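# Descriptive analysis of the structure
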Amino acid sequence: MAETLTGSTVPRRQLGRYLRELRGSAGLTVRAAAKELERSEPTLWRIESGLVAVRALDVEPMCRLYGATEDMTKALMALARETKAKGWWQRYGDVVPEWFDLFVGLEAAANQMAEYEHSVVPGLFQSEGYARTVIAADHQGERDEEIARRVELRLGRQAILKRPIDPPAIRAVLGEPVLRSPVGGSAVMADQLDHLAEVSQLPNVSLRVVPVSAGYHPGIVTPSFTILRFPVNGGGQESEPPTIYQEMYTGALYLDKPTEVERFDAAFEAIWDTALDERSSRNLIGKTAEDMRHG
């Protein structure tokens, strides 16, 4: 099957959301629906969460159980066929966990991102040397070939920064400690900082740094997060609801309730306003790179 730029992530999420709403309207719990459909609860949860592709033949009995109209059933079966599309990153399926596969698809589909990071350089902005150091540390015991594939995937994701059609508008805020931690040694970190300064000059990227001297700010108590927003469709509505992504040690959290998005929006804006402006941030990045080389 041919690869696409965004894969099947959005269709999978849309289908899962429709099925979840239909199940709820029918007054069925996940357990009750799974029992009637002779599926496991985890399988049904993964379908409704948009984590997996679904066959049209599997959607039909779900719609029948939930009392969907004939037109709705046909529409959802058609949508199910779209969930079979392959994204370019799925060739790395052996090193991409299911929860991260979803994120890469959303990242590719987003037209706006707001990211706050207080511990490491975000994946989209990492140099090859920095990425290899971080990935090797996170996957100790893996073969060099597997590490290389993970690095290749991370660098491949960065193509969206310069894609010729509608590259995403990205606002990113980094804590100053991200700049000063000599990941991979001073030489690797200096190269990373040079790369960061270069990326910050892309027309679709705005990068700021929160200096240590800022003292207490919302980012002190807020875990790293990314807010993703998506293009509007012909009806003027977003193709996907805004989504908050937070990566954890063994998985990830996806939040899309309006109240959750509002809180993270407010937190991001407060952190953004606390940070140095873009020019001052770039100057700090450059000075830190020189310190790494000659310190």
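Each remark here, short or long, concerns the structure printed above.
Everything in this summary refers to the structure shown in the same document.

Reading guide: rules and limits
Residues numbered from 1 in each chain as written. Predicted model: local features only at pLDDT ≥ 70, side-chain atom pairs only at ≥ 80, totals over all residues. Heavy atoms only, no water. Helix = DSSP H or I, 4+ residues; strand = E, 2+ residues; numbered from the N terminus. Buried < 20%, exposed > 50% of the residue type's maximum accessible area, 1.4 Å probe, protein only. Contact = heavy atoms within 4.5 Å. Lys, Arg positive; Asp, Glu negative; His and termini not counted. Charge placed at Lys NZ, Arg CZ, Asp CG, Glu CD. Pairing = 2+ DSSP bridges. Axes fitted to C-alpha atoms, helices over the stretch in contact; angles between N-to-C directions. Arc of directions from axis to C-beta.

### With respect to the overall build of the protein
- Of regular secondary structure, the protein possesses 12 helices and 8 strands.
- Based on the C-alpha atoms only, the size of the protein along its principal axes is roughly 70 × 40 × 35 Å.
- Burial status across the protein gives 46% buried among its 295 residues.
- Of the contacts formed within the protein by residues at least 6 apart in sequence, a portion of 75% connects residues at least 24 apart.
- Charged side chains in the protein number 34 positive and 42 negative. The centres of these two groups are separated by 3 Å.

### Some remarks on the sheet that holds strand S8 (residues 252-255)
- Taking strand neighbours across the sheet as the criterion, the 6 strands line up as S5-S4-S3-S6-S7-S8 in an open arrangement whose pairing is mixed. Bordering the open sheet on either side are strand S5 (205-210) and S8, each of which pairs with just one other strand. Averaged over all neighbouring strand pairs, the angle between strand axes comes to 15 degrees, with direction disregarded.
- The strands touched by helix H11 (residues 258-274) are strand S3 (112-117), strand S4 (169-175), S5, strand S6 (225-229), strand S7 (243-247) and S8; relative to S6, the strand with the most contacts, the crossing angle is about 115 degrees.

### Thoughts on the pairing of S8
- With 4 bridges joining them, S7 and S8 adopt antiparallel strand pairing. The residue of S8 that forms the bridge with Ile244 is Leu255.
- Once S7 ends, the chain turns through 4 residues before running back antiparallel as S8.

### Things to note about helix H7 (residues 128-138)
- Buried within H7 we find Tyr130, Ala131, Val134 and Ile135. What you see down the axis of H7 is that its buried residues fit within an arc of 120 degrees, all on one side.
- Buried residues along H7 sit in contact with helix H8 (144-157) and helix H10 (186-199).

### With respect to the environment of Arg12
- By secondary structure assignment, the location of Arg12 is in helix H1 (residues 9-25).
- Linking Arg12 and Ile135, residues 123 residues apart in sequence, is a C-alpha distance of 28 Å.
- Aside from chain neighbours lying at most four places away, what touches Arg12 is Ile47, Gly50, Leu51, Val52, Ala53, Thr83, Gln90, Asp101 and Leu102.

### Considering the pairing of S3
- Counting buried residues in S3 gives 5 out of 6 residues, a clear majority hidden from the surface.
- Bridge analysis of S3 against S4 gives 6 bridges, and the strand direction is parallel. Within the sheet, the bridge partner assigned to Glu115 lies in S4 and is Ala172.

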